[in-house]
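Structural description and commentary
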Amino acid sequence: MSEPREAPAMRNAVDFAVVGDNILDIADFAIEKYEFTSGTTLSEEVREEAVERVRDALWEMVKAFRNRRKEWRRKLFDAAD
C-alpha cells in the first residue's frame, strides 16, 4: 500500500487586492448615490465614517464567501475520498 499523498495546493480564485479596490469603489458609489438621492452632502468626517462602515460590512461578506469556499473544497475532497 502506498503512502497517502499530500493534498494539492489550491490557488486562490480571487485576487483580494482587486476585491479591496472594488470594495472602496462600491463604498464611494453608495455614498454618492445616497447624497444624490437625499439631496444632501455629507461632511468629510461623516463620509469617512460611512466609507469605513460600508467597507467593513463588505469585507465581512468576503470573509463569509471565503469560508464557504473552504467548506466546498473540503466537501469535494471528502466526496472524492
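Residues numbered from 1 in each chain as written. Predicted model: local features only at pLDDT ≥ 70, side-chain atom pairs only at ≥ 80, totals over all residues. Heavy atoms only, no water.

Before going further, it helps to spend a moment on the packing of aromatic side chains. All told, the structure shown has zero aromatic pairs when counted by the stated rule. The ring centre of Trp72 lies 5.1 Å from the NZ or CZ of Lys75, which sits over that ring. (Phe/Tyr/Trp six-rings, centres within 6.5 Å; stacked < 30°, edge-to-face > 60°. Lys NZ or Arg CZ within 6 Å of the ring centre and 35° of its normal.)

This part is about the side chain of Glu35. Tracing the sequence through the fold places Glu35 in helix H1 (residues 16–38). Not counting residues within four places of it along the chain, the set of residues in contact with Glu35 comprises Thr40, Thr41, Leu42 and Arg47. (Helix = DSSP H or I, 4+ residues; strand = E, 2+ residues; numbered from the N terminus. Contact = heavy atoms within 4.5 Å.)

Let's shift gears to the layout of surface pockets. Quantified by volume, the largest pocket comes out at close to 190 Å³. For the largest pocket, the full set of lining residues is Asn12, Ala13, Val14, Phe16, Val19, Val62, Phe65, Arg66, Arg69, Lys70 and Arg73. Looking at the lining of the largest pocket, the elements with two or more residues in it are H1 and helix H2 (44–80). The greatest single-element share of the lining of the largest pocket, amounting to six residues, is contributed by H2. Its residues assigned to classes, the lining of the largest pocket shows six nonpolar, one polar and four charged. (1 Å grid on protein atoms, 1.4 Å probe; cavity = no way out; pocket = protein on both sides within 12 Å on 5 of 7 lines; lining within 4 Å. Points joined across faces, edges and corners; volume = space filled by probe spheres on them. Nonpolar A, V, L, I, M, F, W, Y, C, P; charged D, E, K, R; others polar.)

Okay, the packing of H1 against H2 next. Taken N-terminus to C-terminus, the directions of H1 and H2 make an angle of 135 degrees; their axes are 9 Å apart at the nearest point. Judged on the interaxial angle alone, H2 and H1 are oblique. Crossing hand, H1 versus H2: right-handed. On H2, the residues that touch Phe16, Val19, Gly20, Ile23, Leu24, Ile26, Ala27, Asp28, Ile31, Glu32 and Glu35 of H1 are Arg47, Ala50, Val51, Val54, Arg55, Leu58, Trp59, Val62 and Arg66. A per-class count over the contact of H1 with H2 returns 13 nonpolar, one polar and six charged. (Axes fitted to C-alpha atoms, helices over the stretch in contact; angles between N-to-C directions. Parallel < 35°, antiparallel > 145°, perpendicular 65-115°, else oblique. Left-handed = near helix turned anticlockwise from the far one by under 90°.)

With that settled, the discussion passes to the side chain of Arg47. Tracing the backbone through its elements, the reader meets Arg47 in helix H2. If we skip the residues at most four places from it in the chain, Arg47 touches Asp28, Ile31, Glu32, Glu35 and Leu42.

Right, let's talk about a negative patch on the surface for a bit. A cluster of like negative charges, contributed by Asp15, Asp21, Asp25, Asp28 and Glu32, occupies part of the molecular surface. Looking at the element boundaries, Asp21 is found in helix H1. (Patch = residues over 30% accessible without salt bridge, like charges linked within 9 Å, V, L, I, M, F, W, Y side chains within 5 Å. Areas by Shrake-Rupley, 256 points an atom, 1.4 Å probe, with all protein chains shown as cover. Salt bridge = Lys/Arg side-chain N within 4 Å of Asp/Glu carboxyl O. Lys, Arg positive; Asp, Glu negative; His and termini not counted. Charge placed at Lys NZ, Arg CZ, Asp CG, Glu CD.)

Applying the stated criterion across every chain yields a total of five salt bridges. Of the charged contacts in the structure, one is a salt bridge between Asp56 and Arg55, with a shortest N-O distance of 3.2 Å. What makes Arg55 partly exposed here is its relative accessible area of 29%. In this structure, the salt-bridge partner of Arg74 is Asp78, at a minimum N-O distance of 2.5 Å. In this pair, Arg74 and Asp78 both sit in helix H2, four residues apart, roughly one turn of the helix. It is possible to trace a salt-bridge network through shared partners that takes in Glu71, Arg74 and Asp78. (Buried < 20%, exposed > 50% of the residue type's maximum accessible area, 1.4 Å probe, protein only.)

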